[in-house]
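# Overview (structure and organization)
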Amino acid sequence: MMLVVENKLCLSLSVALCYLLLAASFVRSKHHHGNAANDLVDIINKNRTAHKLPQLNDSPGLGCMALQYVELCKGNCTGNNAVNCKPPEDDFTEIFAPNCGIELPTFGTITGHIVGCQSKYLEPSIAFSHVLVKDSKSLSLLRNKSHSQVGVGLIRFHKGPFFWSILFSDGKTNSTFVLEDRGTGIKQKEGCYSGSTFPCSSGHSVSVLLNIIFIISLAFLQIYHLHQA
């Protein structure tokens, strides 16, 4: 009798371990390193260096404004993953910069922007090639030699599509789009932006948590059935 109990306990522990390993693997594949906007900047720079172009400086100020940009585009995602939204130029200096705590004397020139959307979350590499840089026009903008800085924003509106935004500038590193107190005063509620240590707070992280709970629940259910046998 004791041997049967020990065998069941051993089998239960093995099942639990398998499910926990599955959950851990799921977390690694879905965590996106905490901030998918930073990952997208890495992809942009790899694309540029592959064509012998200099890397762009990851500017938190530009990234924060990129997030502000797409926050105004709610409900403007078209069927071909484009964003039908163009805020007035004055919004950059009168709304985006103040909201990000950018020191206005350091506001530089925006040399280009790319915006895209998708109904579901995509890995940064897929979002890059299928949503943001999907035609010759956006590719040409990405490889423009006048750029020196880049910032990326990512957000998902409640039960809605995901929005990505890229802003480029020709400003000097550390002297343009400077954040007051290094951005410590920014209260990020949703989404994420590049150059920030804050993780994304968008919907895909919630779905990951729900899937982990589901996997662990299956483990306990399997153990229960083994003990009832």
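Here's a quick rundown of the structure. (Residues numbered from 1 in each chain as written. Predicted model: local features only at pLDDT ≥ 70, side-chain atom pairs only at ≥ 80, totals over all residues. Heavy atoms only, no water.)

## As for the environment of Ile155
Relative to the helices and strands, Ile155 is located in strand β3 (residues 149-156). Looking at Ile155, the relative accessible area reads 1%, which means it is buried. For the pair Ile155 and Val70, spaced 85 residues apart in sequence, the C-alpha separation works out to 7.4 Å. Residues within four places of Ile155 in sequence aside, it is in contact with Leu67, Val70, Glu71, Pro161, Phe162, Phe163, Glu190 and Gly191. (Helix = DSSP H or I, 4+ residues; strand = E, 2+ residues; numbered from the N terminus. Buried < 20%, exposed > 50% of the residue type's maximum accessible area, 1.4 Å probe, protein only. Contact = heavy atoms within 4.5 Å.)

## What to know about the side chain of Asp91
Summarising the element assignment, Asp91 is placed in helix α4 (residues 90-100). Lys86 provides the closest opposite charge to the buried, salt-bridge-free Asp91, at an N-O distance of 12 Å. The residues contacting Asp91, other than those within four sequence positions of it, are Leu72 and Phe96. (Lys, Arg positive; Asp, Glu negative; His and termini not counted. Salt bridge = Lys/Arg side-chain N within 4 Å of Asp/Glu carboxyl O.)

## What to know about the state of the cysteines
What the rule picks out here adds up to three disulfides. Note that Cys64 is cross-linked by a disulfide to Cys100, the S-S spacing being 2.1 Å. One quick way to see it: the torsion about the S-S bond of Cys64 and Cys100 is about -95 degrees, and its sign makes the bridge left-handed. In this pair, Cys64 is assigned in helix α3 (residues 60-71) and Cys100 in helix α4, connecting sequence segments 36 residues apart. Of the two residues, Cys64 and Cys100, both sit in the buried class. Covalent S-S linkage joins Cys77 and Cys117, the inter-sulfur distance amounting to 2.1 Å. Because the torsion about its S-S bond is 95 degrees, the bridge between Cys77 and Cys117 counts as right-handed. Taken together, the residues Cys77 in the loop between α3 and α4 and Cys117 in strand β2 (residues 110-118) connect sequence positions 40 residues apart. (Disulfide = S-S within 2.5 Å.)

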